[in-house]
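Chain by chain, the residues:
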Amino acid sequence: MRIAGAEVIVTCPGRNFVTLEITTDDGLVGYGDATLNGRELAVASYLRDHVVPLLINRDAHKIEDTWQYLYRGAYWRRGPVTMAAIAAVDVALWDIKAKAAGMPLYQLLGGASRTGIMAYGHASGRDLPEVLDSIRARREEGFRSIRVQSGVPGLDTIYGIGNPLDRTGLPNEEVWDTRAYLRHVPTVFEAVRNEFGPELPLLHDVHHRLTPIQAAKLGKALEPYDLFWMEDCTPAENQEGLRLVRQHTTTPLAIGEVFNTAFDYQTLIREQLIDYVRSAVTHTGGVTAMRKLFDHAALYQVKSGIHGPTDISPVGMAAGLHLDLAIHNFGIQEFAPHSAETYEVFRRSYTFDDGYLHPGETPGIGVTVDKDAAAKFDYEPAYLPVNRLRDGTVHDW
Ligand code: CS2
Ligand code: MG
């Protein structure tokens with residue numbers, strides 16, 4: 001079975017997505033997500049201009065060889081653009097292989113290890129009443145685990161509150177105050193626990209905004225509220241920084257949505273400095289790379305926590321769900337449902353029911369792209385916000 005063609009589809013049904021469609025000489029079609037929020041066209045060009053010409057006439061069944069060919073053959077390694085492009089090719093080829101086998105992808109990954117995939121939803125609010133209402137709304141939608149993000153008194157807009165994408169042509173600038181945040185977050189979780197009790201799994205995303213000792217302080221302050229995880233508590237390019245956090249708190253730690261290879265996790269996993277691996281299939285080289293990463297993490301009892309906001313397309317989401325169902329060391333799956341416009345373009349087989357996701361039984365990954373619908377939504381440049389401290393210093397958003 002040979003690769004006969006490959007097309008990069010850029011569409012913006014409410015937000016931008018980049019999808020790779022690979023077709024074979026016997027008429028099979030596979031899809032891969034290549035969306036890198038805020039830098040989409042870089043990946044579209046990497047694919048169109050540098051990768052697609054290399055794919056034509058390759059054996060579509062040779063997924064591992066194609067992965068190594070694109071990773072080592074580029075000479076320049078790693079990074080979000082390269083690994084998103086490789087991921088798109090990889091997922092599209094797994095989609096094709098599973099279709100050729102007449103099976104949903106998870107069957108090729110070892111079959112189901114569970115009956116359903118525990119999902120967590122997003123609750124947020126500018127103040128406590130809004131946060132509590134948002135949690136109630138997620139629970140009414142069926143979520144059994146909930147991420148809680150709150151505004152901070154004295155700060156206008158911060159991560160997790162409101163829509164981060166801005167289409168005015170330049171990144172929105174937000175103001176940040178770490179001390180105000182550190183004082184406020186524990187009061188939010190105390191109120192949430194008082195309202196909803198001790199059992200509801202609660203998560204929180206710090207979004208890279210603390211130093212290691214500040215993260216240690218917050219982790220310790222949140223211990224009475226028994227979080228499922230505290231995410232991205234400190235920028236983790238400096239993996240050793242998590243040693244300091246780990247020394248001071250037993251709050252479980254999740255890291256890695258901005259990582260793009262297993263190398264980014266080596267110290268974190270080997271020294272058990274984290275409890276959950278946060279990467280998305282889309283940003284980490286695809287199913288081939290993620291399966292290896294999760295199997296390595298399993299040696300250290302580190303579990304999966306695949307990244308699932310709306311800037312991961314339904315194609316990327318579905319690919320993750322097949323891994324979630326098959327691997328033993330599954331932890332939890334983030335699930336931010338996409339817009340109706342998005343689902344008009346991306347037709348999905350996966351389901352969400354009573355708090356659990358399932359990829360479905362359709363051969364392949366179970367998502368197709370309606371290219372006529374995609375053509376209705378032109379690309380719209382959009383940037384993620386830039387954060388600054390009160391004195392104007394650029395800070396992590
Ligand atoms: C967030 C993401 O869902 C999360 O955990 O960290 O929504 C992140 O802000 C976006 O993916 C950035 O594009
Ligand atoms: Mg996050």
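Residues numbered from 1 in each chain as written. Chains lettered and ligands numbered in written order. Predicted model: local features only at pLDDT ≥ 70, side-chain atom pairs only at ≥ 80, totals over all residues. Heavy atoms only, no water.

Focus: the domain arrangement of the protein
Per the domain assignment, the segments of the protein are domain 1 (3–103) and domain 2 (108–364). Each of domain 1 and domain 2 has a C-alpha centre, and these two points are 26 Å apart. Listed as interface residues are 36 residues of domain 1 and, on the opposing side, 32 residues of domain 2. It is Arg15, Asp33 and Arg78 in domain 1 that bury the most area against domain 2; as a group they hold 20% of the surface buried on that side. Where domain 1 meets domain 2, there are three salt bridges. Here lysine 292 makes a salt bridge to glutamate 64, at a shortest N to O gap of 2.7 Å. At the boundary of domain 1 and domain 2, one finds 17 residue pairs in polar contact (both at pLDDT 80 or more). Mapped onto the side of domain 1 that touches domain 2, the elements with two or more residues apiece are strand S2 (17–24), strand S3 (29–33), helix H2 (63–73) and helix H3 (80–101). The leading source of residues in the side of domain 1 that touches domain 2 is H3, at 13 residues. Its residues assigned to classes, the side of domain 1 that touches domain 2 comprises 19 nonpolar, nine polar and eight charged. (Domains from an automatic or database assignment. Contact = heavy atoms within 4.5 Å. Buried area = accessible area lost by both parts, 1.4 Å probe. Salt bridge = Lys/Arg side-chain N within 4 Å of Asp/Glu carboxyl O. Polar contact = N/O pair within 3.5 Å; in protein donor to acceptor, adjacent residues only side chain to side chain. Helix = DSSP H or I, 4+ residues; strand = E, 2+ residues; numbered from the N terminus. Nonpolar A, V, L, I, M, F, W, Y, C, P; charged D, E, K, R; others polar.)

Digging into the pairing of strand S17 (residues 386–389)
Pairing geometry for strand S6 (residues 173–176) and S17, over four bridges, is parallel. Among the inter-strand pairings, tryptophan 176 is bridged to a residue of S17, identified as leucine 389. Between S17 and the antiparallel strand that follows it, strand S18 (residues 394–395), lie four residues; glycine 392 among them carries a positive phi value of about 95 degrees. (Pairing = 2+ DSSP bridges.)

Let's talk about the site of ligand 1
In the vicinity of ligand 1 there are 15 residues, among which Asn37, His207, Glu257, Arg278 and Glu334 approach most closely. In this structure, histidine 207 approaches ligand 1 through a side-chain N or O atom, which is 2.9 Å from an oxygen atom. In the environment of ligand 1, an oxygen atom lies 3.0 Å from a nitrogen or oxygen atom belonging to the side chain of aspartate 311. Looking at the shell around ligand 1, its residues break down into four nonpolar, four polar and seven charged. (Near = heavy atom within 4 Å.)

Quick look at the sheet that holds S3
Here three strands make up an open sheet; going across it, the order is S1-S2-S3 and the pairing antiparallel. Looking along the sheet, the strands with just one partner apiece sit at the ends: strand S1 (3–11) and S3. Going from strand to strand, the sheet's axes swing by 20 degrees on average, the running direction of each strand aside. Bridge count between S1 and S2: eight bridges; the pairing is antiparallel. Across the sheet, the residue bridging to glycine 5 is threonine 23, located in S2. Strands in contact with helix H1 (residues 40–55) are S1 and S2; relative to S1, the strand with the most contacts, it is inclined by about 170 degrees. (Axes fitted to C-alpha atoms, helices over the stretch in contact; angles between N-to-C directions.)

Overview of the coordination of the magnesium ion (ligand 2)
Taken together, Asp205 (OD), Glu231 (OE) and Glu257 (OE) make up the full set of protein donors to the magnesium ion (ligand 2), lying 2.0 to 2.1 Å away. Sequence spacing of the donors to the magnesium ion (ligand 2): D-x25-E-x25-E. In this pair, aspartate 205 is assigned in strand S7 (residues 202–205) and glutamate 231 in strand S8 (residues 229–231), connecting sequence segments 26 residues apart. Of the two residues, aspartate 205 and glutamate 231, both sit in the buried class. (Donors = N, O, S within 2.8 Å, 3.2 Å for Na, K, Ca; no water. Buried < 20%, exposed > 50% of the residue type's maximum accessible area, 1.4 Å probe, protein only.)

Remarks on the packing of aromatic side chains
The tally for this structure, following the rule as stated, stands at 13 aromatic pairs. Each ring, one from tyrosine 75 and one from tryptophan 76, has its centre 4.8 Å from the other, and the planes form 90 degrees; the classification is edge-to-face. Judged by its relative accessible area of 60%, tyrosine 75 falls in the exposed class. For tryptophan 76, a relative accessible area of 65% translates into the label exposed. (Phe/Tyr/Trp six-rings, centres within 6.5 Å; stacked < 30°, edge-to-face > 60°.)

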